[in-house]
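The residues making up each chain are set out below.
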Amino acid sequence: MPLIGIDLAAVLCQAREVDSDERSYLAAHRSHEVEDLVRRWRSVAQKARLRMVELVTGVSHPVVALFNRHPLSGGGLYLSAGIHGDEPAGVQGLLQWAEGNV
């Protein structure tokens, strides 16, 4: 399924008569651009000294995970997003949280 381009998203926003803040966000967001999301996760992993692993190979959209490079005692934390298809809010929220809390 082809992605909606940024220019087309801006036109759709204008057609729905959203306010200027919403139009600015939707015209600039890249929530459906997998390459950009993976690039940002790689940046988080590098800054946080985590290991990024592709869990599923041979698919159109990668399934990735970030791990500590060395095991820690006391258990861990599991966070996930993007598992129910086209629901970009969870992916964006988790990614923005990770970028802000490296």
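Asker: How do you make sense of the pattern of salt bridges when you look at a structure like this?
Answerer: A side chain with one charge can pair with a side chain of the opposite charge if their charged atoms come near. One pass over the full model with this rule turns up two salt bridges. Across the pair arginine 39 and aspartate 36 runs a salt bridge, and its minimum N-O distance is 2.6 Å. A residue pair is termed a helical-turn pair when its members lie 3 or 4 positions apart in one helix, as arginine 39 and aspartate 36 do in helix α3 (residues 34-48) at three residues.

Asker: Can you walk me through the pairing of strand β2 (residues 63-68) in this structure?
Answerer: Look at any regular strand and the pattern is simple: side chains alternate between the two faces of the sheet. Pairing analysis gives six bridges linking strand β1 (residues 50-56) to β2, with the strands arranged antiparallel. Following the sheet pairing, arginine 51 is matched in β2 by phenylalanine 67. Count of turn residues in the β1/β2 antiparallel hairpin: six residues, of which glycine 58 carries a positive phi of about 75°.

Asker: Explain helix α4 (residues 88-100) to me, please; I cannot follow it from the model alone.
Answerer: Every α-helix winds through 3.6 residues per turn, so residues three or four apart in the chain are directed the same way. The end-to-end C-alpha distance of α4, which contains 13 residues, comes to 18 Å, matching closely the 18 Å that a straight helix rising 1.5 Å per residue would cover. All of the buried residues in α4 are Val91, Gln92, Leu94, Leu95 and Ala98.

Asker: So what exactly am I meant to see when it comes to the nonpolar core here?
Answerer: The tendency in soluble globular proteins is for nonpolar side chains to be buried as a group. Ranked by size, the top nonpolar core spans seven residues in total: Leu37, Trp41, Val44, Val91, Leu94, Leu95 and Ala98. Sorting the residues of this core by element identifies α3 and α4 as the ones contributing at least two each. In contact with alanine 98, other than residues within four places in its own chain, are Trp41 and Val44.

Asker: Help me understand the side chain of aspartate 36, please; the structure alone is not making it clear to me.
Answerer: Among the residues examined, aspartate 36 registers a relative accessible area of 8% and is labelled buried. Engagement of the side chain of aspartate 36 in a polar contact is seen with the side chain of arginine 39, the distance being 2.6 Å.

Asker: Explanation requested: a nonpolar patch on the surface in the structure shown.
Answerer: A grouping of Leu55, Val56, Val59, Val63 and Phe67 is seen on the molecular surface, where their side chains present a nonpolar patch of about 380 Å² in accessible area. Listed by contribution, the elements that provide at least two residues to the nonpolar patch are β1 and β2. When you line up the elements, valine 63 lands in strand β2. By relative accessible area, which is 36% here, valine 63 ends up partly exposed.

Asker: Quick question: what am I supposed to make of the environment of glycine 93 here?
Answerer: Assignment of secondary structure puts glycine 93 in helix α4. Since its relative accessible area comes to 37%, glycine 93 is described here as partly exposed. Remark: the alpha-carbon pair of glycine 93 and alanine 81, spanning twelve residues in sequence, is separated by 8.8 Å.

Asker: Would you mind going over α3 with me for this structure?
Answerer: Helix length check: α3 (15 residues) gives 21 Å between terminal C-alpha atoms against 21 Å at 1.5 Å per residue, within 8%. Within α3, the full set of buried residues consists of Val34, Asp36, Leu37, Val38, Arg40, Trp41, Val44 and Ala45. Turning to α3, the residues buried within the fold contact β1, β2 and α4. Phi turns positive one or two residues past the end of α3, at arginine 49, with a value near 60°.

The rules behind these values
Residues numbered from 1 in each chain as written. Predicted model: local features only at pLDDT ≥ 70, side-chain atom pairs only at ≥ 80, totals over all residues. Heavy atoms only, no water. Salt bridge = Lys/Arg side-chain N within 4 Å of Asp/Glu carboxyl O. Helix = DSSP H or I, 4+ residues; strand = E, 2+ residues; numbered from the N terminus. Pairing = 2+ DSSP bridges. Expected span 1.5 Å × (residues − 1). Buried < 20%, exposed > 50% of the residue type's maximum accessible area, 1.4 Å probe, protein only. Core = buried A, V, L, I, M, F, W, Y, C linked by side-chain atoms within 4.5 Å. Contact = heavy atoms within 4.5 Å. Polar contact = N/O pair within 3.5 Å; in protein donor to acceptor, adjacent residues only side chain to side chain. Patch = residues over 30% accessible without salt bridge, like charges linked within 9 Å, V, L, I, M, F, W, Y side chains within 5 Å. Areas by Shrake-Rupley, 256 points an atom, 1.4 Å probe, with all protein chains shown as cover.

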